[in-house]
Amino acid sequence: MNKRSFLKTAFLTAASMPFLGFDSKSSQKMILPKALSKGDTVGLISPSAATSDRMQFTFAKEAMEALGLQVKLGENLKNRRGHLAGSDAERASDLNSMFADPEIKAIICIRGGSGAARILPLIDYDLIRKNPKILLGYSDITALHQAIYAQTGLITFHGPNGTGSWNSFNVEQFERLFFQQEQMLFENQQVQGDDLVIKSNRIQTLQSGIVQGKILGGNLTVLSALSGTPYYTDFEDAILFIEDIGEDPYRIDRMMSTLKLNGTLQKIKGFIFGQCSDCEPGGGYGSLTVDQVLDDYVLPLNIPAYSGAMIGHVAKQFIVPHGAKVEMNADLGTFKLIDNIFDVS
């Protein structure tokens with residue numbers, strides 16, 4: 001993603017509402033989204049890249065319907081401008097319209113790609129603050145998670161996109177989290193397979209310990225590109241989670257360096273590294289590995305940390321409530337919700 005100069009928005013103080021919580025560690029007020037029930041209507045939008053295969057729209061709609069939800073398509077969902085799903089104004093309009101529509105109870109991003117950061121100055125954050133709803137997506141959608149939390153304090157959800165894999169694991173996560181409002185424990189699913197040892201979804205403890213904090217983060221490339229803008233979250237006393245795909249270790253090193261230089265790493269209380277798919281060294285002699293990069297930046301922090309969480313560009317992935325308070329256990333490689341994350345009034 002190219003770095004851009006974003007328009008600065010004035011600081012807005014959230015109005016006092018019954019579902020606001022106050023974090024004594026920062027000035028950020030937390031807003032809970034309205035709970036979701038079977039039969040509710042969800043909106044499908046495309047705030048990032050265009051979808052080239054028309055059947056993907058059908059798959060996304062059918063997946064939501066199979067979950068027991070009704071679906072409303074964004075007015076500009078199928079638009080295209082270059083690699084983007086329409087103009088910046090069109091994509092921002094769909095997001096704003098879904099938050100404004102009283103019929104819509106949750107907003108599902110159909111895919112990631114690139115381009116969500118372009119619409120951040122066009123989002124109506126006051127509208128979002130007054131109409132808190134579930135927003136689900138990952139990868140480039142990290143830009144929305146970061147900006148919406150930074151500007152409003154609303155908890156959003158880093159998880160499968162509409163055109164993603166809706167396997168049994170992801171479906172169970174969705175139903176337990178959204179329909180049952182369960183205080184989830186996020187623990188890697190491991191399958192023995194035809195081997196003497198379990199090799200899939202293994203975690204590595206980088207630094208032992210148990211810690212509590214708000215969980216914030218997302219895709220590392222998108223996150224680091226927002227550094228220094230009004231849409232970058234305050235990570236004071238947070239548990240940072242990151243993931244990525246298709247990045248050489250030297251790029252991971254560069255982005256971790258950004259998080260160190262902008263003060264993020266010095267602020268956090270815990271660290272979770274998800275999956276970095278296709279991030280093996282490709283530069284030949286002298287290339288660092290991702291493990292070495294993590295050791296260089298995370299171990300000196302002396303905070304609970306682990307890697308290998310089921311977060312990222314993988315078929316089975318956690319739905320992480322971005323901004324929620326969790327307890328993380330770096331030895332077990334787990335984190336769990338410790339507060340209610342939905343407004344059920």
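Just above sits the structure.
Residues numbered from 1 in each chain as written. Predicted model: local features only at pLDDT ≥ 70, side-chain atom pairs only at ≥ 80, totals over all residues. Heavy atoms only, no water.

Trainee: Is there a simple way to explain the pattern of salt bridges in this structure?
Mentor: Pairing is possible between side chains of opposite charge, provided their charged atoms come close. Tallying each qualifying case throughout the model produces 14 salt bridges. Measuring nitrogen to oxygen at the nearest pair gives 2.9 Å for the salt bridge that ties lysine 34 to aspartate 343. Residue lysine 34 is located in the loop between strand E2 (29-31) and strand E3 (41-45), and its partner aspartate 343 is located in the segment after strand E16 (334-337); the two are separated by 309 residues in the primary sequence. With relative accessibility at 7%, the residue aspartate 343 sits in the buried group. Across the pair lysine 72 and aspartate 101 runs a salt bridge whose closest N-O atoms are separated by 2.6 Å. Here lysine 72 is found in strand E4 (residues 70-73), whereas its partner aspartate 101 is found in the loop between helix H2 (88-100) and strand E5 (104-109), with 29 residues between them in sequence. Each of Lys72, Asp101 and Glu103 takes part in salt bridges that share partners, so that together they form one network. (Salt bridge = Lys/Arg side-chain N within 4 Å of Asp/Glu carboxyl O. Helix = DSSP H or I, 4+ residues; strand = E, 2+ residues; numbered from the N terminus. Buried < 20%, exposed > 50% of the residue type's maximum accessible area, 1.4 Å probe, protein only.)

Trainee: Explanation requested: helix H4 (residues 142-152) in the structure shown.
Mentor: Given 3.6 residues per turn, any residue in an α-helix points the same way as the ones three and four places further on. Counted residue by residue, H4 has 10 buried out of 11 residues, so it is predominantly covered. Buried within H4 are the following residues: Thr142, Ala143, Leu144, His145, Gln146, Ala147, Ile148, Tyr149, Gln151 and Thr152.

Trainee: Quick question: what am I supposed to make of unusual backbone geometry here?
Mentor: Excluding glycine, most residues fall at negative phi; most peptide bonds, likewise, are trans. One non-glycine residue, asparagine 201, adopts positive backbone phi at about 55°. Its location among the elements puts asparagine 201 in the loop between strand E8 (185-187) and strand E9 (204-207). Look at asparagine 201 and you get partly exposed, because its relative accessible area is 24%.

Trainee: Sorry if this is basic, but what is going on with the environment of glutamine 173 here?
Mentor: Topologically, glutamine 173 is positioned in helix H5 (residues 168-179). Contacts of glutamine 173, omitting those with residues within four sequence positions, involve Met184, Phe186, Gln317, Phe318 and Ile319. Of note is the side chain of glutamine 173, whose polar atom sits 3.2 Å from the backbone nitrogen of isoleucine 319. (Contact = heavy atoms within 4.5 Å. Polar contact = N/O pair within 3.5 Å; in protein donor to acceptor, adjacent residues only side chain to side chain.)

Interpretation in functional terms is not warranted from these geometric data alone.
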